[in-house]
Structures are given as structure tokens and as C-alpha cells.
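Analysis of the macromolecular model
Next come the chains, spelled out residue by residue.
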Amino acid sequence: MTKEKWVYSGSGSLETALYNYYVKTAEGQPLAASPQTVTDAYSVARGESLARSAAETDFAREIRVAIAGQISTHQGESADIEIADIEKKLAAELKGDIIKCFTLYKQVGSKNYTVRSYFTRPNLESASGSARISKSVEEEIELAKKIGGQATGQ
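Throughout what follows, the structure given in this document is the object of discussion. (Residues numbered from 1 in each chain as written. Predicted model: local features only at pLDDT ≥ 70, side-chain atom pairs only at ≥ 80, totals over all residues. Heavy atoms only, no water.)

1. Side note on the overall build of the protein
Condition: Numbering goes from the N terminus for both helices and strands, where a helix is a DSSP run of H or I of at least four residues and a strand is a run of E of at least two. Between buried and exposed lies partly exposed: a residue is buried under 20% and exposed over 50% of the maximum accessible area for its type, with that area taken using a 1.4 Å probe on protein chains only. Two residues qualify as a contact provided that any one of their heavy atoms is within 4.5 Å of a heavy atom in the partner residue.
Counting its secondary structure elements, the protein contains four helices and four strands. Across the protein, helices and strands are ordered from the amino to the carboxyl terminus as β-α-β-α-α-β-β-α. When the 154 residues of the protein are sorted by exposure, 33% land in the buried category. Long-range pairs, those at least 24 residues apart, make up 66% of the contacts in the protein between residues at least 6 apart in sequence.

Listed below in C-alpha cells is the structure:
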């Protein structure tokens, strides 16, 4: 790491940060790893911000896949709209669950940085993660049925 001129940015020692990160994100744990790299950032803070946005985008995609699996019984365009609505709601709810653990950066050229931030986020493949998705999807489907029933007078 030193040979490649990476600099550690975080609290505590790098060794402790790495250990904690790998323990938290080991297979079967409720947290998953989400490292993100940004090249040509004009500052380390900007790179961290862009890395967080990338982590949130990746997580939203994963949520969409999980939701699509839960709503596989629905057909057509209305299912796509329903999936998109639930995805937005869940992504907003889970956004705060993306936690930055530490950052590494190195200067590239005279003014720019390559920034690699390591995040944890809920593991949707774990029992608690899939249960959370299932519960939210079920609640949204029930709400949609109630609204649809009221609109048709049922």
C-alpha cells in the first residue's frame, strides 16, 4: 500500500479498520461489503461523496432485483411501476444503513486524487435483509390492493 502511495483516512489504525471491515462483512453476516473507487476527484472529500453515491446506486439496483423476485406473481406494466415505487421507498429507508468504514486515497498528478472508500450495507442475502425486503414488499402490495379496491368500489 505504501509502495503505491495510498494514504489511509479513518479513525484508529488501518489494521483495526481492515479487521473490523472483514469481520462485519464475512459470509453469513448481516452486513455486506461495498467498496467504491473514484478516479480523478479534485479533492478527497469530493471522492468520498462520489463513492457514497455509487454505493447507494449499487444498493438501489440490488434492492430492485430483490423486489422483482418478491413481486414475480405480478404481470405487465403495473408490476414495473409497483416495483419502481417500492424500490424508491426502500432505497430511501435503507440509505442511512450505508456506513463508511474507512477511505484510502492517493494523489494522481498534481491536483487530482483516486479515492477508494469502503462501506458496509445491509446484506440482502442474509435472513434479516431478505425478511426486511419481504416485509416492505408485502406492506406495499397490501396498501396497493386496498387503494385499488377503494377505487373500484370493492
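2. Points about the sheet that holds strand S2 (residues 31-41)
By way of backbone hydrogen bonds, the strands of a sheet pair with one another, either parallel or antiparallel. Quick note on the threshold: Here, a strand pair is defined by DSSP locating no fewer than two bridges between the strands. In this analysis, axes come from line fits to C-alpha atoms, helices being fitted only over the stretch in contact, and the angle between any two N-to-C directions falls in the range 0 to 180 degrees.
Strand order across the open sheet formed by four strands is S1-S3-S4-S2, with antiparallel pairing between neighbours. One side of each edge strand has no neighbouring strand; the edge strands of this open sheet are strand S1 (7-9) and S2. For this sheet the average axis-to-axis angle between neighbouring strands, irrespective of direction, equals 20°. The sheet contact formed by S2 and strand S4 (residues 112-122) spans nine bridges and is antiparallel. Each bridged residue has a counterpart across the sheet, and for Ser34 the counterpart in S4 is Phe119. Across the face of the sheet, helix H1 (residues 14-24) comes into contact with S1, S2, strand S3 (99-108) and S4 while running at roughly 130° to S3.

3. Overview of the side chain of Thr120
Structurally, Thr120 can be placed in strand S4. Not counting residues within four places of it along the chain, the set of residues in contact with Thr120 comprises Tyr21, Thr25, Leu31, Ala32, Asp97, Ile98, Ile99 and Cys101.

4. Here's the deal with unusual backbone geometry
You will see that Lys5, though not glycine, has its phi angle at about 70°, which is positive. Mapped onto the fold, Lys5 is located in the segment before S1. With relative accessibility at 65%, the residue Lys5 sits in the exposed group. Positive phi, close to 60°, is recorded for Asp40, a residue that is not glycine. Relative to the assigned elements, Asp40 resides in strand S2.

5. Remarks on the packing of aromatic side chains
Counted only if it meets this: Pairs were defined over the aromatic rings of Phe, Tyr and Trp, the Trp ring being its six-membered one, requiring ring centres within 6.5 Å. Orientation was assigned from the angle between planes: stacked under 30 degrees, edge-to-face over 60, tilted for the rest.
Enumeration according to the criterion identifies six aromatic pairs in this entry. Here Tyr21 and Tyr118 contribute two aromatic rings whose centre-to-centre distance is 5.5 Å and whose plane-to-plane angle is 85°, an arrangement assigned as edge-to-face. Of this pair, Tyr21 sits in helix H1 while Tyr118 sits in strand S4, and the two are 97 residues apart along the sequence. Taking 4.6 Å as the distance between ring centres and 15° as the angle between the ring planes, the aromatic pair formed by Phe102 and Tyr118 counts as stacked. With Phe102 in strand S3 and Tyr118 in strand S4, this pair connects stretches of sequence that are 16 residues apart. In this structure an aromatic cluster arises from ring pairing among Tyr8, Tyr21, Tyr22, Phe102 and Tyr118.

6. Some remarks on the pattern of salt bridges
To keep things clear, this is the line we draw: Whenever a carboxyl oxygen of Asp or Glu lies within 4 Å of a side-chain nitrogen of Lys or Arg, that contact is scored as a salt bridge.
Scanning the model with the defined rule gives one salt bridge in all. Among the salt bridges present, the one from Lys100 reaches Glu48, with a minimum N-O distance of 3.1 Å. Here the residue Lys100 occupies a position in strand S3, and Glu48 occupies one in helix H2 (residues 44-70), the gap between them amounting to 52 residues. Looking at Lys100, the relative accessible area reads 33%, which means it is partly exposed.

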